[in-house]
Amino acid sequence: MGYEEMWRELLPIGRDADGGGYHRFAWTPPELECRAWFAGEARRRGLPVEHDRNGNMIAWWYPADGARDQSVLTGSHLDSVPGGGAFDGPLGIVSAFAAVDLLRERGAELRRPVGIAAFAEEEGARFGVACLGSRLLAGAIDPARARGLTDGDGRTFAEVLHGAGLDPEAIGPDEELLGRVGCYVELHVEQGRALHEPVGVASSIVPHGRWRFGFAGEGNHAGTTALADRRDPMIPFAGMVLAARDAAERNGTVATVGKVRVVPGGVNAIASSVTAWLDARGPADGAVRKTVEEVGAAAREAARPHRVTVELAEESYTEIVDFNLALRDRVAGTLGGAPVLPTGAGHDAGVLSARLPAAMLFVRNPTGVSHAPAEHAETADCLAGVDALAAVLDDLACG
């Protein structure tokens, strides 16, 4: 099945009824349907699928001599953010299958295995920690903490894994699997407007993290409670949102409050609590940390006159990732000097780079929109990405 045919099968899965964005959260029916699609594409090509103990899937193309070591891993993820776009994640997996098809058509002779990975819960949209599957694989998160993560319905990660037929007690670093991988190369749609050629190569990922703010007040009646008697957590929450923008401008970072949970959530009820999540990113660790520190101080200051308490917890943080220089330069050289650029988006490649050489290819995004229904990449650019990935895999796995 060719590139465009794969897209036609995959595009309807998990899409909103109005044809808008996608809701493919880890281990929900749409994401499970994507996993079944992945397994079907592997079967069509005679590629055995390995299910690791952390919920990740890998379709393997082995050399004729049966070699298993120093494999070249590629792929991406199938899950989405709420209302996400079509290309973030799936482009890397569709392109990987298409690149393998190209290499086979050309009669490429593998010297090292090629694996196509679908990493679990990359977006963190269900359990709150991005790149959860690759973090567990690489030992970048405590398995006990991961087991206790909960989704919006209160179900733990351990419960969901058990329901999917996995053993929650077995999750964690997989040294045997990592020991078989020589490098990882991820193709991804570029998520800004920094790339002006069809294909580019990543140099680094900026520091980024997620923080949870909890504002606790007192629920009461919206019409009968005097303003002076209120302990309304929405007031300091609003101040925290404005403070995030101001702190980002002062420190040369970006800060976003894109998720909030209000309890009890009634139009005619003063909230008893507000939970909000801050995403902060920037060019340097110090700048990101200072941004969050300033937002926390502003939130506590705004809460004091309203007799609201504030709790601040770090949910995840990734320091700056500089991709392996030798691999990066080799990939860029294979592509004839493709442009090299940093990114403000986190990726499984960034997590895995702490354990093995990793690199990334970007496909041009003409609008720069991502994590939204308008996310787009032209077919010609996507096909150029397939050609580029095939060239890189040929060099790394056949050379």
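Residues numbered from 1 in each chain as written. Predicted model: local features only at pLDDT ≥ 70, side-chain atom pairs only at ≥ 80, totals over all residues. Heavy atoms only, no water.

- If you check an unreviewed UniProt entry, the protein appears there as Allantoate amidohydrolase from Actinomadura napierensis.

Things to note about the layout of surface pockets
- Considered as a void within the structure, the second largest pocket measures approximately 240 Å³ in volume.
- Taken together, 19 residues line the second largest pocket, and the ones lying closest to its centre are Trp7, Leu11, Ala86, Phe87 and Thr379.
- Looking at the lining of the second largest pocket, the elements with two or more residues in it are α1 (3-10) and α12 (379-398).
- No other element matches the four residues that α1 contributes to the lining of the second largest pocket.
- Its residues placed into classes, the lining of the second largest pocket shows nine nonpolar, six polar and four charged. (1 Å grid on protein atoms, 1.4 Å probe; cavity = no way out; pocket = protein on both sides within 12 Å on 5 of 7 lines; lining within 4 Å. Points joined across faces, edges and corners; volume = space filled by probe spheres on them. Helix = DSSP H or I, 4+ residues; strand = E, 2+ residues; numbered from the N terminus. Nonpolar A, V, L, I, M, F, W, Y, C, P; charged D, E, K, R; others polar.)

Remarks on the environment of Phe215
- Secondary-structure assignment places Phe215 in strand β7 (residues 208-216).
- Given a relative accessible area of 1%, Phe215 falls into the buried group.
- A C-alpha to C-alpha distance of 45 Å links Phe215 and Val49, two positions 166 residues apart in sequence.
- Once residues within four sequence positions are removed from consideration, Phe215 is found in contact with Pro233, Pro236, Phe237, Met240, Ser272, Ser273, Val274, Ala299, Val308, Thr309 and Val310. (Buried < 20%, exposed > 50% of the residue type's maximum accessible area, 1.4 Å probe, protein only. Contact = heavy atoms within 4.5 Å.)

Focus: the sheet that holds β7
- Spatially, β9-β11-β7-β12 is the arrangement adopted by the four strands of the open sheet, whose pairing is antiparallel. The outermost strands of the open sheet, each flanked by one partner alone, are β9 (254-263) and β12 (309-318). Between one strand and the next, the sheet's axes are offset by a mean angle of 15°, whatever the strand orientation.
- Bridge analysis of β7 against strand β11 (residues 273-281) gives nine bridges, and the strand direction is antiparallel. By the bridge assignment, Ala216 is partnered in β11 with Ser273.
- Contacts from helix α8 (residues 234-251) reach β7, β9 and β11, with the element oriented near 170° to β9.
- Most of the contacts of helix α9 (residues 285-303) go to β12, to which it runs at about 165°, and overall it touches β7, β9, β11 and β12. (Pairing = 2+ DSSP bridges. Axes fitted to C-alpha atoms, helices over the stretch in contact; angles between N-to-C directions.)

Quick word on unusual backbone geometry
- Val263 connects to Pro264 through a cis peptide bond whose omega is 5°.
- Following the sequence through the fold, Pro264 ends up in the loop between β9 and β10 (269-270).
- Its identity as a non-glycine residue notwithstanding, Gln70 has a phi of 55°, on the positive side.
- Within the fold, Gln70 resides in the loop between β2 (57-61) and β3 (71-77).
- One non-glycine residue, His371, lies in positive phi territory at about 60°.
- Here His371 lies in the loop between β15 (358-363) and α12.
- Classification of His371 as partly exposed rests on a relative accessible area of 37%.

What to know about empty space enclosed by the protein
- With the rule as written, the count across this model stands at one cavity of 30 Å³ or more.
- By volume, the largest cavity is sized at about 40 Å³.
- Ile58, Leu73, Phe119, Leu137, Leu177, Leu178, Val181, Leu352 and Leu356 are the residues that line the largest cavity.
- For the lining of the largest cavity, the residue count by class is nine nonpolar, no polar and no charged.

A short note on the packing of helix α10 (residues 325-334) against α12
- Contact geometry of α10 with α12 gives a least axis separation of 9 Å together with a crossing angle of 125°. In terms of axis orientation, α10 runs oblique to α12. Both α10 and α12 take part in a crossing whose hand is right-handed. Residues Leu327, Arg330, Val331 and Thr334 of α10 pack against Ala391, Val392, Asp395 and Leu396 of α12.
- In terms of residue class, the contact of α10 with α12 is built from five nonpolar, one polar and two charged. (Parallel < 35°, antiparallel > 145°, perpendicular 65-115°, else oblique. Left-handed = near helix turned anticlockwise from the far one by under 90°.)

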